[in-house]
Amino acid sequence: MLRLAAADNYIIGIDLGTTNIYGVLADLNASIIHEEKRPTKLEEGFFSIMDQTAEIIDLLSQKTAEKKKRLCGIGMAVAGLINKNRNMVEFSPNFHWQDVDIIGTLGQRFSLPIYFDNVTRVMALGELCYGVGKQYKNFVFINIGYGIGAGIIIDGQPLLGAVGMAGEFGHITVDKDSNTQCDCGNFGCLEALASGQGIARAARNELKKGAQSNLLEMCGGDINKVTAEMVAEAAKKGDSLAWNIFSQAAEYIGLGISALINLFNPEVVVLGGGVIQAGEILFDNVRKTISARALNRSARGVPLLPATFGLKAAAMGAVSLVMNKLLNLELECFLSKEK
Ligand SMILES: [Zn+2]
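Overview of the structure. (Residues numbered from 1 in each chain as written. Predicted model: local features only at pLDDT ≥ 70, side-chain atom pairs only at ≥ 80, totals over all residues. Heavy atoms only, no water.)

Bound to the zinc ion on the protein side are His171 (ND1), Cys182 (SG), Cys184 (SG) and Cys189 (SG), at distances that span 2.0 to 2.4 Å. Given four donor atoms and angles of 104 to 124 degrees at the metal, the environment of the zinc ion is assigned as tetrahedral. If you list the donors of the zinc ion from N- to C-terminus, the spacing comes out as H-x10-C-x1-C-x4-C. (Donors = N, O, S within 2.8 Å, 3.2 Å for Na, K, Ca; no water. Tetrahedral: all angles 85-135°; square planar, octahedral: opposite > 155°, others 65-115°.)

Right, let's talk about the sheet that holds strand E12 (residues 268-272) for a bit. Here we have five strands laid out as an open sheet, ordered E11-E10-E9-E12-E13, and mixed in their pairing. Every other strand in the sheet has two partners, leaving strand E11 (157-158) and strand E13 (304-306) as the edge strands with one partner each. The pairing of strand E9 (residues 139-144) with E12 spans five bridges and is parallel. Residue pairing across strands places Val140 opposite Val269, the latter belonging to E12. On top of the sheet, helix H4 (residues 119-130) reaches E9, strand E10 (148-154), E11 and E12; it is set at about 130 degrees to E9, its chief contact. (Pairing = 2+ DSSP bridges. Helix = DSSP H or I, 4+ residues; strand = E, 2+ residues; numbered from the N terminus. Contact = heavy atoms within 4.5 Å. Axes fitted to C-alpha atoms, helices over the stretch in contact; angles between N-to-C directions.)

On to helix H10 (residues 280-293), then. In this model H10 runs 19 Å from its N-terminal to its C-terminal C-alpha over 14 residues, within 8% of the 20 Å that 1.5 Å per residue would give. Buried within H10 we find Ile281, Leu282, Phe283, Asn285, Val286, Thr289 and Ile290. Those residues of H10 hidden inside the fold are in contact with E9, helix H8 (228-236), helix H9 (240-264), E12, helix H11 (297-300) and E13. (Expected span 1.5 Å × (residues − 1). Buried < 20%, exposed > 50% of the residue type's maximum accessible area, 1.4 Å probe, protein only.)

So, on to the pairing of strand E3 (residues 32-39). Relative to E3, strand E2 (residues 20-27) runs antiparallel, the two being bridged by seven bridges. If you follow Asn20 over to E3, its bridge partner there is Pro39. Hairpin connection, E2 to E3: the antiparallel pair is bridged by four residues, and Ala30 has positive phi, about 70 degrees.

Here's what the structure looks like:
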């Protein structure tokens, strides 16, 4: 029955990122029908970003109407600490938001159910429904992009914590003596040292101190334009500054993942987010640290896999938020405007 209806019912999945707002229209088989993407007007603040999100939802709704299909709901992946009791984004260091009400703001504009959750947990849920979850029920999804987070799946259920804030992996301290400040205000967080912005910042700092590197040429002499992608590319070509920065970041990530493996005993660890586009240079260095640090042979041998949906992991996870509700899977990992 579901197979018959799957092509006639659509879901909107939104990846509300600090760089881009990316929306997909998918059917119930998780096939993407249409996509829309806009650069996030980060500096214009919360309400402007909600307007941008609403525009994307409108465009995707129009496509649904054109194709004479039914829209079942909207799922959203959001970077930040989400309090599920209050149904609010309590703190988002990357967006610089405190206590913002997504459902209160968007809920008035759409007569559809809206569900949202923390981006990394949403990515993990997408894997659980449509990716590695077909094979594994205990895994950790690590998102390494602008920030860093972890979505932890135990016995086929996402770990939420008391109010929904479990998985803030990026804000564990990996260097207590570091003078690199994180967006959260603390010093020496994994995110500050090993995220996309952390890698770019480390490279810029070294270049400003006069270090020699191919990065200078790659950024056209404007040090502020150095990105994590450039550092990965230069490292792959053998640039020693870029290599050192990238492998240092990978080592920090490996240290963190070793701790997660020791704590949760996952069957696999899945890596997603923009930084993993660097490929083997990242995976190799992370694996090396895990094999040196994890506790026993089985922990050291935990496979590291790339995210099934690559850069679409958050949007596809957002689709799975709605899908769970439709199928009554009772994976209690989402907040809705129905509550
Ligand atoms: Zn932090």
